[in-house]
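Notes for the structure review
Listed below, chain by chain, are the residues.
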Amino acid sequence: MRKILITCATLLTSLMALAQAPRGTASIHVSADGRSPLEGATVEVLRVGDSALIRSAVTDKSGDAIVENLATGSYLARVSLVGYQSAYTPAFTVTEAALSITVAPVSLLPRAATQLQNVTVTGRKPFIQKLNDRIIVNVESSIISAGSSALDVLERSPGISVDQNDAISLRGRAGVVIMIDGKPSPLSAADLANYLRGLPANAIERIDIITNPSARYDAAGNSGIIDIRMKKDQRMGANGTVTAGYGQGVYPKANAGATWNYRNKKVNVFGNYNNNYRKNLNHLYLNRNFYENKVLSSYDDKDNFAIIPVSSHTARVGADFFPSKKTIVGFVVNSNFAAIDRTTDNHVQEYDAHRALRRTFHALGTGDDHNSNAVANINFKHTFDSTGRELTADADYGEFRNRSMSTMFTSYKSFNGSPLTPDYRLNGDQDGLLRLRTGKADYVQPMKNGARFEAGFKTSFVSSDNDQKFFDLSSGLSRVDSGKTNRFFYKEWNNALYTNLSKEWKKVNLQVGLRAEQTRVKTHQARNNVDTAFHYLQLFPSAFLNYHLTADRTIGLSVSRRIDRPGYGQLNPFLFLIDVSTYGTGAPGLKPQITWSYEASYTAKQVSFTLGYSHTTDVQNIALLRYRDAFPNDTTKGDNVTVQIPVNLSSSDYVGLTVTAPIHLRPWWNMVNNLNVYYNYFKGNLAGTTLANGSPAADLRVNNTFSLKKGWTAELNGSYSSGGRYGYMMSDPQWSVGTGVQKTVMKGKGTVRFNVTDVFWTNLPKATVTYDNYVEHWHATRESRVANLGFTYRFGNNKVAAARRRTTASEEERSRAQ
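The next subject is the packing of aromatic side chains. All told, the structure shown has 20 aromatic pairs when counted by the stated rule. Relative to Phe 92, the ring of Tyr 75 has its centre 6.0 Å away and its plane inclined at 35°; by these criteria the two rings are tilted. Here the residue Tyr 75 occupies a position in strand S6 (residues 73-80), and Phe 92 occupies one in strand S8 (residues 92-94), the gap between them amounting to 17 residues. With respect to class, Tyr 75 is no different from Phe 92; both count as buried. Their ring planes at 40° and their centres at 5.3 Å tell us that Phe 290 and Tyr 774 sit as a pair that is tilted. You can see Phe 290 sitting in strand S21 (residues 267-292) and its partner Tyr 774 sitting in strand S46 (residues 774-782), a full 484 residues away along the chain. There is no split in this pair, since Phe 290 and Tyr 774 are both buried. An aromatic cluster is present here, built from Tyr 583, Tyr 627 and Phe 631 joined pairwise through their rings. Taking NZ or CZ as reference, Arg 389 lies 4.4 Å from the ring centre of Phe 384, over its face. Over the ring of Tyr 583 we find Lys 637, and its NZ or CZ is 5.4 Å from the ring centre.

Before going further, it helps to spend a moment on the side chain of Thr 642. Structurally, Thr 642 can be placed in strand S37 (residues 642-666). At a separation of 2.8 Å, a polar atom in the side chain of Thr 642 contacts the side chain of Arg 288. When sequence neighbours within four positions are dropped, the list of residues in contact with Thr 642 reads Arg 288, Phe 290, Ser 581, Thr 582, Tyr 583, Leu 625, Arg 626, Tyr 627 and Tyr 774.

Under the criterion given, the structure shown has 21 salt bridges. In this structure, the salt-bridge partner of Arg 435 is Glu 399, at a minimum N-O distance of 2.9 Å. With Arg 435 in strand S26 (residues 419-446) and Glu 399 in strand S25 (residues 390-414), this residue pair connects regions lying 36 residues apart in the sequence. By relative accessible area, Arg 435 is classed as partly exposed at 26%. Residue Asp 465 is joined to Arg 487 by a salt bridge in which the shortest nitrogen-to-oxygen separation is 2.6 Å. In this pair, Asp 465 is assigned in strand S27 (residues 451-472) and Arg 487 in strand S29 (residues 486-504), connecting sequence segments 22 residues apart. The exposure class of Asp 465 is partly exposed, given its relative accessible area of 22%.

In this structure, strand S34 (residues 582-585) lies alongside S37, joined through 3 bridges in parallel fashion. Along S37, the bridge assignment pairs Tyr 583 with Val 643. Of the pairings in the sheet, the one linking strand S36 (residues 607-626) to S37 comprises 18 bridges and is antiparallel in character. Among the inter-strand pairings, Thr 610 is bridged to a residue of S37, identified as Thr 658. In terms of strand pairing, S37 meets strand S38 (residues 669-686) through 15 bridges, oriented antiparallel. Its bridge partner lying in S38, Pro 662 is registered against Val 672. Between S37 and S38, which follow one another and run antiparallel, lie 2 residues.

Turning to unusual backbone geometry, a few remarks are in order. One non-glycine residue, Asn 293, adopts positive backbone phi at about 55°. You can see Asn 293 is positioned in the loop between S21 and strand S22 (295-324). Here Asn 293 falls in the exposed class, since its relative accessible area comes to 77%. The phi angle at Ala 687 is positive, at roughly 50°, despite the residue not being glycine.

The class of Tyr 774 is buried, set by a relative accessible area of 1%. Taking the C-alpha atoms as reference points, Tyr 774 and Leu 624, separated by 150 residues in sequence, lie 9.1 Å from one another. Contacts of Tyr 774, omitting those with residues within four sequence positions, involve Arg 288, Asn 289, Phe 290, Tyr 291, Leu 624, Arg 626, Thr 642 and Val 769. Within the structure, Tyr 774 has its side chain in polar contact with the side chain of Glu 776 (distance 2.5 Å).

What counts and how
Residues numbered from 1 in each chain as written. Predicted model: local features only at pLDDT ≥ 70, side-chain atom pairs only at ≥ 80, totals over all residues. Heavy atoms only, no water. Phe/Tyr/Trp six-rings, centres within 6.5 Å; stacked < 30°, edge-to-face > 60°. Helix = DSSP H or I, 4+ residues; strand = E, 2+ residues; numbered from the N terminus. Buried < 20%, exposed > 50% of the residue type's maximum accessible area, 1.4 Å probe, protein only. Lys NZ or Arg CZ within 6 Å of the ring centre and 35° of its normal. Polar contact = N/O pair within 3.5 Å; in protein donor to acceptor, adjacent residues only side chain to side chain. Contact = heavy atoms within 4.5 Å. Salt bridge = Lys/Arg side-chain N within 4 Å of Asp/Glu carboxyl O. Pairing = 2+ DSSP bridges.

See below:
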């Protein structure tokens, strides 16, 4: 660590000593029909070659806009204003010999009244956009997303899938980091899924899918980052939106929310609130087969019917203060409160090897869960000069609390239907608290000839206290179940340093980076008084290269090394009762997985091809094992008891090709196609079963949008997943079709949306898990088909101004707080 600190400090000092690179300016005049100057027009400077947005400005009363801080290179500008047709300038070039450029004047043509009636939304973003380093899902632009939850939108996004355990994977690989406004969520897979189910899609602006992040990001996430960006109004003055919706699947769903914003030259105050109610269905069927020496010894069939009503309140409030033109100080508080009432009805039939019924049992379970999460962030940004030299800093404090009261009542019957005694009754009282404290700072230094240097550090401390008590009431008296009662304490310290160096030439962009992360962990388990402690230091290099063959054809190469630390809940050794023959638990000895990721991309106009390969060691996998194989020293459970437990497999290899192809079929019909074809290969050894196998797979997403007359638009989406291998599990194919319509009303201030997701109710998961001594077949019925009706009303000033977006300090920690 000392060597890394000295190296970074030396590099920073040397680079700061270099002269600053010259930067250019571009002046643009915008008028109406070549006569009257237009105030408030948005001028966006785009880089020639990939159309990446570089800088933006707004015209003044004279119709003039000056765009500063432009590196040497070739650009064009896009000019837009509500009520006018957008226009583009000719390409212009900034050189060291010509740093001040006057761009040809732009004349905007007004939209005719009849034309405005035939166009639904002016400047509507496509649902899916492919940029150099990420795919953007513009949730606001999707008709089908109205009335849906955030989890529903994720499942319909390119390359993303959600399995039966609510684990989210990207392009067929687990280990994805979920961020909310640039900060990783600290929730467990189950709690995160419940949060996303309770988060309405109308609270989301967009979703960024980043498959190969740079060294500036936390090194977590072997398959990439999914960043959910919440809405934040970008208009001057006072403005906001009000939204309400109702959905009907098997059970009802409803949502309502509001956003508000006030912005002037000195302060920007913003906030939003959303209330969401969703009554969810999960009907799970399992067929479990047990073998001895590869000969069937017994099997059972399980029918588990669960109803899960979720009522959530999500709030966000913050402010940015502008004490000077170069300094911004801000704060933001995000909070979520959810109540989940679980009811499960589980019927099980057990058979012997000759298919004769041995016994049945019926388990009724209830759960009363309450989760309350809040994270406060303060942030600072100072721009030193017009070259882009800046310093940013963040500090976060967050608390995540959960309380769960549960009951499980199980009755048994013999093969002839006569009752068996005693019945089994178990009550649970689980209480958890996780606290995170993080801080980070980032510095950017432009250099000569289009070079750029970045450096920063981050420090974090996370602590959790989980207390679990179970009481056996089978005898009529309440007795502590010492085999399940436990308390677990966890502490983790992380420190990181990073540096990035980038350089732009006429046709080439290059970026190299290095991140060092030091981790120290201590745990204490009250039962048996078990303490563990370990620490490690890891280096994470990255490199990115783009070569512009022509103005619309680009080749890209990238490589990075990444780490996935176990979620905090995955290390928790508590034994959770799912039913009397199925348990769930964590593994304190679970190792982080390490991934080397390589990508090569080719973009021609708007069509892109990305070829990726990755190799992962100590692969984290959720395994379904016989209890005796997972815990050979514990003989208190029967032979037909299984446990769901996180494990490390030896390694995995992934190779895949992703194609994104937008197609403009007609002036009123646009299509975006996303295809991901890949092969996953796994190695490992669990329960005496050697794994050395792989499987090809493919995911296809097609999004069609139709701009109709008189303010109507429509959308038709389709998806297909071939299924594939993940460790010891093979999943079956799934497909779905969704459709919706939208109408603008109230002079463009209101929007009415109606949609139906998974019209044919076919997007239902099904899979098989195979070991030498245990085989499980399962399939689930979920409420993927829902009809939604929603309404949004926009009020206030519509004059657009730039608003800043922030990442904060607690990015990785929030995604791991399980």
